Amino acid sequence: MRALRDFSISVADGEMLVLVGPSGCGKSTVLRTLAGLEDVTGGVIRIGDRVVNDLSPRERNVAMVFQDYALYPHMTVRENLAFPLRMRKLAADERARRVAWAAELLEIGPLLDRLPRALSGGQRQRVAMGRALVREPSVSLLDEPLSNLDAVLRVSVRAEIEALQRRTGTTMLYVTHDQVEAMTLGDRVAVLHEGRLQQVAKPRELYERPANTFVAGFVGTPPMNLFEAKLAPPAWAREADAETATLGIRPEAIEFATHAGTDTIAAQVEHVELLGHETLLHVRAAGLALVARTAGMSAHGRGDALHLRAPASAIHHFDAAGVRRPPQAEIGPS
Ligand SMILES: Nc1ncnc2c1ncn2[C@@H]1O[C@H](COP(=O)(O)OP(=O)(O)OP(=O)(O)O)[C@@H](O)[C@H]1O
Ligand SMILES: [Mg+2]
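Since this is a predicted model, take the numbers as computed values, not measurements.

**Let's talk about the overall build of the chain**
Reasoning step 1: When helices and strands are tallied, the chain shows eight helices and 17 strands.
Reasoning step 2: Dimensions of the chain along its principal axes, counting C-alpha atoms only, are 80 × 45 × 35 Å.
Reasoning step 3: Going through the 334 residues of the chain one by one, you find that 43% of them count as buried.
Reasoning step 4: Taking all contacts inside the chain whose residues are at least 6 apart in sequence as the whole, residues at least 24 apart take part in 63%.
Reasoning step 5: A total of about 17,600 Å² of accessible surface is found on the chain, and carbon and sulfur atoms cover 52% of it.

**A few points about the pattern of salt bridges**
Reasoning step 1: Applying the stated criterion across every chain, the model contains 16 salt bridges.
Reasoning step 2: Ionic pairing is found between Arg158 and Glu181, a salt bridge with its closest N-O pair at 3.8 Å. Pair noted here: Arg158 is in helix 5 (residues 151-168) and Glu181 is in helix 6 (residues 179-185), with a separation of 23 residues, a long-range link.
Reasoning step 3: Accessibility expressed as a relative area gives 13% for Arg158, which makes it buried.

**Quick word on the site of ligand 1**
Reasoning step 1: Inspection of the region around ligand 1 gives 11 residues, with Ser23, Gly24, Lys27, Ser28 and Thr29 positioned closest.
Reasoning step 2: Ser23 is positioned with one of its side-chain polar atoms (N or O) 2.5 Å from an oxygen atom of ligand 1.
Reasoning step 3: Between ligand 1 and the protein, one listed contact pairs an oxygen atom with a side-chain N or O atom of Thr29 at 2.5 Å.
Reasoning step 4: Out of a free accessible area of 640 Å², ligand 1 has 53% covered by protein chains.
Reasoning step 5: Of the residues in the shell around ligand 1, the class split is three nonpolar, six polar and two charged.

**Considerations on the packing of helix 4 (residues 121-133) against helix 5**
The description of two helices packed together rests on the angle between their axes and the distance between the axes.
Reasoning step 1: Relative to each other, helix 4 and helix 5 sit at 15°, their axes nearing to 11 Å. The pairing of helix 4 with helix 5 is recorded here as roughly parallel in orientation. Of the two elements, helix 4 crosses helix 5, and the hand of that crossing is right-handed. Contacts between helix 4 and helix 5 pair Gly122, Arg126, Met129 and Leu133 from the former with Leu153, Glu160, Ile161 and Leu164 from the latter.
Reasoning step 2: Across the contact of helix 4 with helix 5, the residue classes tally to five nonpolar, one polar and two charged.

**A few points about the confidence of the model for the chain**
Reasoning step 1: Overall, the predicted model of the chain reaches an average pLDDT of 88, with 97% of residues at or above 70.
Reasoning step 2: This model gives residues 329-334 a pLDDT under 50, and the stretch forms six contacts once residues within four places in sequence are excluded.

**Considerations on the domain arrangement of the chain**
Reasoning step 1: Domain parsing of the chain yields domain 1 (16-211) and domain 2 (226-330).
Reasoning step 2: For domain 1 and domain 2, the distance between their C-alpha centres works out to 40 Å.
Reasoning step 3: Contacts between domain 1 and domain 2 engage six residues on the former and seven residues on the latter.
Reasoning step 4: The junction of domain 1 with domain 2 conceals about 480 Å² of combined surface from both sides, 45% of it contributed by carbon and sulfur atoms.
Reasoning step 5: On the domain 1 side of the interface with domain 2, the three residues burying the most area are Tyr207, Pro210 and Ala211, jointly 80% of the side's total.
Reasoning step 6: There are zero salt bridges connecting domain 1 and domain 2.
Reasoning step 7: Of the residues that constitute the side of domain 1 that touches domain 2, the class distribution is four nonpolar, no polar and two charged.

**Notes on the nonpolar core**
Reasoning step 1: If you look at the biggest cluster of nonpolar residues, it comprises 41 residues, and the most contacted ones within it are Met129, Ile161, Tyr174 and Val191.
Reasoning step 2: At five residues, helix 4 tops the list of elements feeding residues into this core.
Reasoning step 3: Sequence-distant contacts of Tyr174, that is, excluding residues within four places in its chain, are made with Met16, Leu17, Val18, Leu19, Leu142, Pro145, Leu146, Ile161, Glu181 and Leu185.
Reasoning step 4: Counting residues in each nonpolar core, the second largest holds 18 residues, with Ala253, Ile254, Leu306 and Ala314 among its members.

**Remarks on the packing of aromatic side chains**
Reasoning step 1: Under the definition given, this model contains two aromatic pairs.
Reasoning step 2: On the basis of an interplanar angle of 15° and a centroid distance of 5.5 Å, the ring pair of Phe214 and Phe218 is categorised as stacked. Remark: Phe218 and Phe214 occur in helix 8 (residues 213-218); sequence separation between them is four residues, near one turn of the helix.
Reasoning step 3: For Arg250, the ring lying beneath its charged end belongs to Tyr207, and the centroid distance is 4.2 Å.

**Some points on the sheet that holds strand 11 (residues 255-257)**
Reasoning step 1: With respect to topology, five strands assemble into an open sheet ordered 11-15-12-13-14, the strand pairing being antiparallel. Looking along the sheet, the strands with just one partner apiece sit at the ends: strand 11 and strand 14 (288-295). Taking each pair of neighbouring strands and ignoring which way they run, the sheet shows an average axis angle of 50°.

Reading the values: rules and limits
- Residues numbered from 1 in each chain as written.
- Chains lettered and ligands numbered in written order.
- Predicted model: local features only at pLDDT ≥ 70, side-chain atom pairs only at ≥ 80, totals over all residues.
- Heavy atoms only, no water.
- Helix = DSSP H or I, 4+ residues; strand = E, 2+ residues; numbered from the N terminus.
- Buried < 20%, exposed > 50% of the residue type's maximum accessible area, 1.4 Å probe, protein only.
- Contact = heavy atoms within 4.5 Å.
- Areas by Shrake-Rupley, 256 points an atom, 1.4 Å probe, with all protein chains shown as cover.
- Salt bridge = Lys/Arg side-chain N within 4 Å of Asp/Glu carboxyl O.
- Near = heavy atom within 4 Å.
- Polar contact = N/O pair within 3.5 Å; in protein donor to acceptor, adjacent residues only side chain to side chain.
- Nonpolar A, V, L, I, M, F, W, Y, C, P; charged D, E, K, R; others polar.
- Axes fitted to C-alpha atoms, helices over the stretch in contact; angles between N-to-C directions.
- Parallel < 35°, antiparallel > 145°, perpendicular 65-115°, else oblique.
- Left-handed = near helix turned anticlockwise from the far one by under 90°.
- pLDDT = per-residue confidence, 0-100.
- Domains from an automatic or database assignment.
- Buried area = accessible area lost by both parts, 1.4 Å probe.
- Core = buried A, V, L, I, M, F, W, Y, C linked by side-chain atoms within 4.5 Å.
- Phe/Tyr/Trp six-rings, centres within 6.5 Å; stacked < 30°, edge-to-face > 60°.
- Lys NZ or Arg CZ within 6 Å of the ring centre and 35° of its normal.
- Pairing = 2+ DSSP bridges.

Spelled out as structure tokens, the structure:
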């Protein structure tokens, strides 16, 4: 079985690239391949201007924070931090200098003489990060480094990682299965699904112009409403057959009209999610189950009748294979 197919990606010097996708899509495999822990059956891996396919993990000067961020349990925090430097045979004073630097940066100075079992999850996380950073690697690979933190800590450590990356200019490849984390952290985001890259783009581009139905349904909370449609051919191609397509509209793009009109469709509310700052209305319209979002607390309840409008400019259009097509307005004889 191949974990990755046709995988090609370039990460710029000093860039934060986030790799995101569902469990089992191959994210860890990408990192392990770059780190030299997994061999590739084909293709070229370059770091800087070196082809590293035949280099050992240590020769690649790549630091990796593993998904389970295992620390050496019998070593103190200080020894954990210094271990990779010892392996690289750095002098004692240089080791001490770098450990002190990482400890200050990650605010773990007071913990240096503790064993990992006497640390909280978030503190362990920071030690694991520190152990990767003291090496001053050309590339840092982080595999779901926040997966074991609670929601509050996750946000603060995420901000720390971002600031650290900017300050040190380290090139980072950051893996997560959380699309919110990907969108907030990445200079660019690579979406992976079943071992194949779906799209690599800036967060905004991913949201506004998803390359296919997988990305459209993966990015955004709640995800884009997607539905099958038969599209009549435009007037200039009247002989053509109706086209099977998938159309999409984001919940926040659906508009509410006060009265029925030529451009509205009738909908009935089936379920309401009051989230405080916004309300998600699960509705049925023309036989389709859709989610619409409104700001604040909606007064609507189950069974209410609504008139919805979907502006043409907000409709995403995908072909029968799920690949993005330009908006209808842009399609025409050239
Ligand atoms: N050592 C292995 N031998 C065979 N198959 C493997 C091995 N390691 C992983 N796989 C398979 O390769 C695919 C990709 O695994 P990978 O660990 O890269 O996924 P992932 O995207 O990191 O998932 P998660 O979010 O759950 O960590 C999966 O189908 C997995 O079952
Ligand atoms: Mg993984």
